[in-house]
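# An overview of the molecular structure
The residues making up each chain are set out below.
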Amino acid sequence: MKISNVTISSYRSITSAYKLPLSNYSVLIGPNNEGKSNILKSIVSALTILSQNKKDIKEKGRKATYSYSDLKDFNFNWKRDYPVIYQDSYPDGRSEFTLEFELNDVEKENFRSKIKININSDLKVKLSLGKDDVKIRILMKGPGSASFNKKINEIVEFISNNISIEYIPSIRTFELSLNIVEDLVASELKNLENDPIYLSLINQIVEIQKPALERLSSRLQETVKNFIPNISNIIINTENSLQHAIRNSSRVLIDDGNLTELKYKGDGIISLTAISLLKLLSDESKGQKSIILAIDEPESHLHSGAIHSLKKILQDISENNQIIITSHSAILTDRETVKNNILVEKGSASVVRNITQVREALGIILSENLIGADLILILEGDEDIELMKSWITKKSSKIANAINRNKLIIDVMGGASNLIYKSSFYRSNLCKIIAFLDDDDAGRTSVQKAKDANIIKENDYYLCKAKGRNKSEIEDLINPDIYSELILNEYGVNIQSNPIFKDTNLIWSDRIRLIFKSSGKLWDKKIEMDVKYKVNSSASAIGLDSLLSYNHEIIDSLILGIENKLDL
């Protein structure tokens, strides 16, 4: 069960936000003090009301109106939360939240079974908050809408049993993490309370404690009797509270080179611990309640590397639950699916239409060549650009058009070791990336490091795999007939007749280096770059015919990856 849409009216700085679609990962962006946190808090407020069990209210015969005293952990103050600009004109004005819940097939069947009403669309619930009370209505189209409102208490209870709201404010204290840990510990230890060995040990502790507690009770009774003569007995025991005390007496210690209690760690560790624990709660809840996790500025206290790790945690949670965050971080926005970002400004909110809106909202200023760029193809060296362009544009008119319109830009990382830096730079500017690296030790290591740091994902890179070779680079994809005569004429080196050239364990650069040296030639980085430039230039001038027929597969895979990202 998740929220598909939310409508907010007259709450704090939000005058109107109509039917905002919420996905499994939704990001509220916008300038400071424009209402992002208020949108989030309105959703949290509505869910706090609906996620509480209303059985006691139902037994009192209440209908769809609840006083604030009926609601635990809920804080609404009309003077503070109803827009000040309306308070004089509308002294009985109300803040209104409408949530639309999407139910899966199992939940729809459970709804029919428990509520005795068929539901074939989203469940739409409206909450109206006044000075003293909350009114709840079910908004369903058609003649059957009255049936829903007759069973409003049962429906609210159904929501309560299927949704759990977890709210993390921008200021995260160690108590928040500790509360989550205590809940986890309590849940695990509660499972032990049916274990006869565990119960036997608890009873032994109670028996050992009994004489000490009886002595304390007796002394206390004597003292109290001096003030209250009619006291006949005072009993102190732990029989009913010991198990509860054990469940709720945990400490959290973290060893990051210095074993310390969580409360004494820095804000960044406390922040990440709280959110990571919610990831654990999310995993523990699979098949039970749906968790809706609302976080105000999750990037608070974190450096950029930690924010990448944080996004991975949030994305993992969003696979099975729903994430709603406010953020000023480009890393945490959804670049792949732009409509998952919601722009909040001037008291209203709307779905983002394009990535330019996101950049403007976050204050990102781009160089001229990046302004219209949607995707960056990152290659290892300058000499690779024209060759790669000649292949992919001839094979794909979509890619050729994207390059002409500056939607796709080709850049170089200047060596595989710079993959993390280049990827982070473009991601921070809200550009999608695809990296094409040599299939050698350096390329593989750099990809793995970038993946471990959560900088890139599986669909963000390709290794240059030449057929039949254990290691390869872009020159290994070229037909040697194209350039062998050029090398012979320019450098006096015959590569085709040298057996080293056929060694499948060496990349092209290493084979050429060994051939040059065995042919009595000097070799250094400058000569290597000169040879590569001339070889690649001759191949790019020929175009697709320079690509070995059995090496088209890797270029076709790269093209498919580029086209898919351009389509998003």
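Keep in mind it's a predicted model, so treat the numbers as computed, not measured. (Residues numbered from 1 in each chain as written. Predicted model: local features only at pLDDT ≥ 70, side-chain atom pairs only at ≥ 80, totals over all residues. Heavy atoms only, no water.)

This paragraph deals with helix α21 (residues 552-567). With 16 residues, α21 extends 22 Å from end C-alpha to end C-alpha; this agrees with the ideal 22 Å at 1.5 Å per step. Within α21, the full set of buried residues consists of Ile554, Ile555, Leu558, Ile559, Gly561, Ile562, Lys565 and Leu566. The buried residues of α21 occupy one face: seen down the axis, they fall within an arc of 160 degrees. Exposed and oriented more than 90 degrees from the buried face of α21 are Glu553 and Asp567. Contact partners of the buried residues in α21: β15 (375-379), α14 (385-395), α15 (397-404), β16 (408-412), β17 (432-438) and β18 (461-464). (Helix = DSSP H or I, 4+ residues; strand = E, 2+ residues; numbered from the N terminus. Expected span 1.5 Å × (residues − 1). Buried < 20%, exposed > 50% of the residue type's maximum accessible area, 1.4 Å probe, protein only. Arc of directions from axis to C-beta. Contact = heavy atoms within 4.5 Å.)

Glancing now at the confidence of the model for the protein chain. Reading predicted coordinates in detail is not appropriate for stretches of low pLDDT. Here the protein chain averages 86 in pLDDT, and 88% of its residues register 70 or above. The secondary structure element of the protein chain with the lowest average pLDDT is helix α2 (residues 55-59), at 42, and the one with the highest is β18, at 97. Low pLDDT, under 50, characterises residues 55-62; the predicted model gives this stretch eleven contacts beyond four residues in sequence or across chains. (pLDDT = per-residue confidence, 0-100.)

What follows covers the pairing of β15. Where burial is concerned, most of β15 is hidden: five out of the five residues are buried. In β15, alternate side chains face the same way, and those of Leu375, Leu377 and Leu379 on one face and Ile376 and Ile378 on the other are all buried. As defined by bridge partners, β15 adjoins β16 across five bridges and the pair is classed as parallel. Within β16, the residue paired with isoleucine 376 across the bridge is isoleucine 409. (Pairing = 2+ DSSP bridges.)

With that out of the way, let us pick up helix α12 (residues 304-318). Its 15 residues give α12 an end-to-end C-alpha distance of 21 Å, which sits within 8% of 21 Å, the value for a rise of 1.5 Å per residue. For α12, the full list of buried residues reads Ala306, Ile307, His308, Leu310, Lys311, Ile313, Leu314, Ile317 and Ser318.

A large share of β17 lies buried, amounting to seven of its seven residues. Looking at chain direction, β17 and β18 are connected through four bridges and run parallel. Residue pairing in the sheet places phenylalanine 436 in a bridge with tyrosine 462 of β18. With respect to chirality, the unit in which β17 leads through helix α17 (residues 441-452) into the neighbouring parallel β18 is right-handed. (Right-handed = clockwise from strand over helix to strand, strands pointing away.)

Right, let's get into the packing of α14 against helix α20 (residues 525-542). Contact geometry of α14 with α20 gives a least axis separation of 8 Å together with a crossing angle of 20 degrees. In this view, α14 runs roughly parallel relative to α20, as classed from their interaxial angle. Taken as a pair, α14 and α20 cross one another with a handedness that is left-handed. Across the interface between the two elements, Glu386, Leu387 and Ser390 from α14 touch Asn536, Ala539 and Ser540 from α20. (Axes fitted to C-alpha atoms, helices over the stretch in contact; angles between N-to-C directions. Parallel < 35°, antiparallel > 145°, perpendicular 65-115°, else oblique. Left-handed = near helix turned anticlockwise from the far one by under 90°.)

With that out of the way, let us pick up the nonpolar core. Side chains of nonpolar character tend, in soluble globular proteins, to be buried together. Grouped together as the largest cluster of nonpolar side chains are 51 residues, with contacts concentrated most on Ile39, Phe101, Phe111 and Leu123. Among the elements that take part in this core, helix α1 (residues 36-50) stands out by supplying eight residues, more than any other. If we ignore the near neighbours within four places in the chain, the residues touching phenylalanine 101 are Met1, Lys2, Ile3, Ser4, Leu47, Leu50, Asp122, Leu123, Val125, Ile159 and Ile163. Formed by 48 residues, the second largest nonpolar core is a distinct cluster that contains Tyr25, Leu302, Tyr426 and Ile455. (Core = buried A, V, L, I, M, F, W, Y, C linked by side-chain atoms within 4.5 Å.)

Take the packing of helix α18 (residues 484-491) against α20 next. Look at α18 against α20: their axes get within 10 Å of each other, and the N-to-C directions meet at 140 degrees. Overall, the two elements α18 and α20 adopt an arrangement that is oblique. In this structure, α18 meets α20 at a crossing whose hand is right-handed. Between α18 and α20, the contacting residues are Leu486, Ile487, Glu490 and Tyr491 on the first element and Asp530, Val531, Lys534, Val535 and Ser538 on the second. Split by residue class, the contact of α18 with α20 holds five nonpolar, one polar and three charged. (Nonpolar A, V, L, I, M, F, W, Y, C, P; charged D, E, K, R; others polar.)

Time to look at the pattern of salt bridges. Under the defined criterion, the tally for this structure stands at 29 salt bridges. A salt bridge links lysine 395 to aspartate 556, with the nearest nitrogen and oxygen atoms 2.8 Å apart. Here lysine 395 is found in helix α14, whereas its partner aspartate 556 is found in helix α21, with 161 residues between them in sequence. When salt bridges with common partners are traced through the structure, they connect Glu473, Glu475, Lys525, Glu528 and Lys532 into a single cluster. (Salt bridge = Lys/Arg side-chain N within 4 Å of Asp/Glu carboxyl O.)

In this model, lysine 19 sits at a positive phi of 45 degrees, which is unusual for a non-glycine residue. Under the relative-accessibility criterion, lysine 19 is labelled partly exposed at 34%.

Take the packing of aromatic side chains next. Evaluated as defined, the whole model comprises ten aromatic pairs. Grouping aromatic residues by their ring pairs yields a cluster made of Trp78, Tyr82, Tyr86 and Tyr90. The ring of tryptophan 78 carries lysine 131 above its face, with NZ or CZ at 4.5 Å from the centroid. Over the aromatic face of phenylalanine 501 sits the side chain of arginine 511, whose NZ or CZ is 4.9 Å from the ring centroid. (Phe/Tyr/Trp six-rings, centres within 6.5 Å; stacked < 30°, edge-to-face > 60°. Lys NZ or Arg CZ within 6 Å of the ring centre and 35° of its normal.)

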